[in-house]
Amino acid sequence: MSNLEHLDTETLPYRILGMQRLEALFNQEGYLICQSSGERIYHFDEVVAIFLPLSPSTDQVMAVHSDRAKAFMQSLLSKLH
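Residues numbered from 1 in each chain as written. Predicted model: local features only at pLDDT ≥ 70, side-chain atom pairs only at ≥ 80, totals over all residues. Heavy atoms only, no water.

Quick look at the pairing of strand E4 (residues 58-65)
Reasoning step 1: With 8 bridges joining them, strand E3 (residues 47-55) and E4 adopt antiparallel strand pairing. Residue Leu52 lies in a different strand from E4, and its bridge partner there is Gln60.
Reasoning step 2: If you look at the hairpin formed by E3 and E4, you'll find 2 residues sitting between the two strands. (Pairing = 2+ DSSP bridges. Helix = DSSP H or I, 4+ residues; strand = E, 2+ residues; numbered from the N terminus.)

Overview of the nonpolar core
Reasoning step 1: Within the largest apolar cluster, 12 residues are counted, these being Leu22, Phe26, Leu32, Cys34, Ile41, Val47, Ile50, Met62, Ala63, Val64, Ala69 and Phe72.
Reasoning step 2: Only helix H1 (3-29), E3, E4 and helix H2 (69-78) provide two or more residues apiece to this core.
Reasoning step 3: Here this core gets 3 residues from one element, more than from any other, and that element is E4.
Reasoning step 4: Contacts of Ala63, omitting those with residues within four sequence positions, involve Leu22, Leu32, Ile33, Cys34, Gln35, Val47 and Val48. (Core = buried A, V, L, I, M, F, W, Y, C linked by side-chain atoms within 4.5 Å. Buried < 20%, exposed > 50% of the residue type's maximum accessible area, 1.4 Å probe, protein only. Contact = heavy atoms within 4.5 Å.)

Considerations on the confidence of the model for the chain
Reasoning step 1: Confidence in the prediction for the chain averages 86 pLDDT; 85% of positions are at 70 or higher.
Reasoning step 2: Within the chain, no element has a lower average pLDDT than H1, which sits at 78, and none a higher one than strand E2 (residues 40-41), at 98. (pLDDT = per-residue confidence, 0-100.)

Here we look at the layout of surface pockets
Reasoning step 1: Counted as a void, the largest pocket has a volume near 160 Å³.
Reasoning step 2: Secondary structure elements with two or more residues in the lining of the largest pocket: H1 and E4.
Reasoning step 3: The element best represented in the lining of the largest pocket is H1, accounting for 6 residues.
Reasoning step 4: Residue composition of the lining of the largest pocket, grouped by class: 4 nonpolar, 4 polar and 3 charged. (1 Å grid on protein atoms, 1.4 Å probe; cavity = no way out; pocket = protein on both sides within 12 Å on 5 of 7 lines; lining within 4 Å. Points joined across faces, edges and corners; volume = space filled by probe spheres on them. Nonpolar A, V, L, I, M, F, W, Y, C, P; charged D, E, K, R; others polar.)

Thoughts on the packing of aromatic side chains
Remark: the centre distance and the inter-plane angle together describe each pair of aromatic rings, the angle taken between the planes.
Reasoning step 1: The full count for this structure, using the stated rule, is 2 aromatic pairs.
Reasoning step 2: Arranged with centres 5.2 Å apart and planes meeting at 50°, the rings of Phe26 and Phe44 form a pair that is tilted. Placement of Phe26 in helix H1 and of Phe44 in the loop between E2 and E3 is noted, with a sequence separation of 18 residues between them.
Reasoning step 3: For Phe44, a relative accessible area of 23% corresponds to the partly exposed category.
Reasoning step 4: One residue, Arg40, lies across the ring of Tyr31, its end atom 4.2 Å from the ring centre. (Phe/Tyr/Trp six-rings, centres within 6.5 Å; stacked < 30°, edge-to-face > 60°. Lys NZ or Arg CZ within 6 Å of the ring centre and 35° of its normal.)

So, in structure tokens, the structure goes:
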């Protein structure tokens, strides 16, 4: 098994759970907060879930409005260099 296959089989269930937690929070509150703008997202189909690896086995899941997701990711990636 390659490192990529090993990573996928271990992180995918956690990412699914992370997305389910976002959905449960959305259903409970009626909105999610966009991590890029701080604005409320009232339509779940406008949510983009971004997973940032904190360790080999742990991700941070963040909700971002679909209109801001590309710029938000570019901003995060530019900070890596």
